[in-house]
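Structural description and commentary
Here are the chains, one letter per residue:
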Amino acid sequence: MTTSRREFLAGLASAGALASVPRVTRAAIVAGPLYPPMNLSMFDTPLHHGETEIRLGCAAITWNDNAARAIDDISADGFAGIQLRAPTIEQFPDPHALRDLLAGKKLTLVALSSGSASLDLAQRQAQLELHVKHAQYVHEAGGLYMQLIAATAKPEETFTGDQYKLQGEIFTEIGKRIADYGVKLGFHNHMNSVGQPPEAIEAILNASDPNYVHLLLDVAHYLEGGGDPAAAIHKYERRILFVHFKDVKNSGDAKNTAAPGGYEWVEVGHGRVEFPAVIAALNKIHYRGWGVVELDRVPNGEALTPKEANAVSLHYLETLGVRA
């Protein structure tokens, strides 16, 4: 015999292993592959995400929480959606009445601004219950999203990694609860909050669950906070829930009460945000979602109504190829 003891034992082991394999599979092993080799190179090519589709909405904040007037004017301007604020709930206690009104005006309730999420643990349960209540209202009114701002802060305040982690955890807790109503949470980066500078935004997002906490990217707040909005679009493309089309300019007067901090929110296209670059970035990532025009108030010294001021933003965005 020329077979070594090692080869003999290996053969026995193989036979035993083969015997334990089901008959169909064993036949395939003996006979070879069931199918001929296939060219799988096509799977190396990224899938096309579809053409960019930006739907334009408008935030009702310019109307100083007069929701009924805002709904009429935003619809008349030609926007497709609207973002409302929490005081709307007092004006329209029945969410179904709001739903029917918006449907008649051909407006989608994109989001409700639900306030902020404090880091004060003593407020944690109460604010959770409040935001869940708001989410139920959004759901019954036929809305999509809910906006939350991080805890309020003074511009000179600094925060620790543990505080960013806590902020992310609080957002996650709220996001999980409101998901029961099919409502998604958008973390709104905002001046004078824990989520103001780009590094804070990143830390909070890293500390939160991406399944429940998304980014409502406000391009003007991001710029004023020290970041590049177009770069943020590329960086957070998978976390962006929707975008605030907002603009900002230097007021030249830090004491101007209409422009606190030396900056002033203005109509889109009238400030420092490079909107051609913003739209180009959204096109690059094949963004498909809402862009909500937001103007906190008619800029100081302008004799425009809220309707007219927001129409200025709409017309500018149309020159960039964005249609409501």
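Conventions used here
- Along every chain, residues carry numbers that run from 1 in the direction the sequence is written.
- Local features in a predicted model are, by the rule used here, given only for residues with pLDDT of at least 70; side-chain atom pairs are given and counted only at 80 or more, and totals for whole chains, interfaces and linings are based on all residues.
- Hydrogens are left out, water is left out, and the side-chain values use all remaining heavy atoms of the structure.
- Secondary structure elements are defined from DSSP: runs of H or I of at least 4 residues count as helices, runs of E of at least 2 residues count as strands, and each element is numbered from the N terminus.
- Whenever a nitrogen or oxygen atom comes within 3.5 Å of another N or O atom, the pair is scored as a polar contact, on the condition that within protein one atom can donate a hydrogen and the other can accept it, and that pairs from neighbouring residues in sequence are kept only if both atoms are in side chains.
- Any two residues whose heavy atoms approach within 4.5 Å at even a single point are treated as in contact.
- As a per-residue measure, pLDDT reflects the predictor's confidence and takes values from 0 up to 100.
- Any carboxyl oxygen of Asp or Glu that lies within 4 Å of a side-chain nitrogen of Lys or Arg is treated as forming a salt bridge with it.
- Exposure categories follow from relative accessible area, calculated using a 1.4 Å probe and restricted to protein chains: below 20% of the type maximum is buried, above 50% is exposed, and the middle band is partly exposed.

This part is about the side chain of D247. For D247, the position within the fold is in strand β8 (residues 247-250). Here G269 takes part through its backbone nitrogen, which lies 2.9 Å from a polar atom of the side chain of D247. Within the structure, the side chain of D247 is placed 3.3 Å from the backbone nitrogen of H270, a separation counted as a polar contact. Excluding anything up to four places from it in sequence, D247 contacts A220, E264, W265, V266, E267, V268, G269, H270, G271, R272, V273 and F275.

Looking now at the confidence of the model for the protein chain. Counting all residues, the mean pLDDT for the protein chain is 88, and 81% of those residues have values of 70 or more. Considering only residues more than four positions removed or in separate chains, one finds that residues 17-30, a stretch of pLDDT under 50, has eight contacts. Note that residues 253-258 has pLDDT below 50 and, in this model, eight contacts with residues that lie over four places away or in other chains.

Under the definition given, this model contains twelve salt bridges. The shortest N-O distance in the salt bridge between R124 and E173 comes to 2.9 Å. One end of the pair, R124, is in helix α6 (residues 124-140); the other, E173, is in helix α7 (residues 161-178), with 49 residues separating them in the sequence. For E173, a relative accessible area of 28% puts it in the partly exposed group. Put simply, K246, E294 and D296 are held in one network by salt bridges that share partners.

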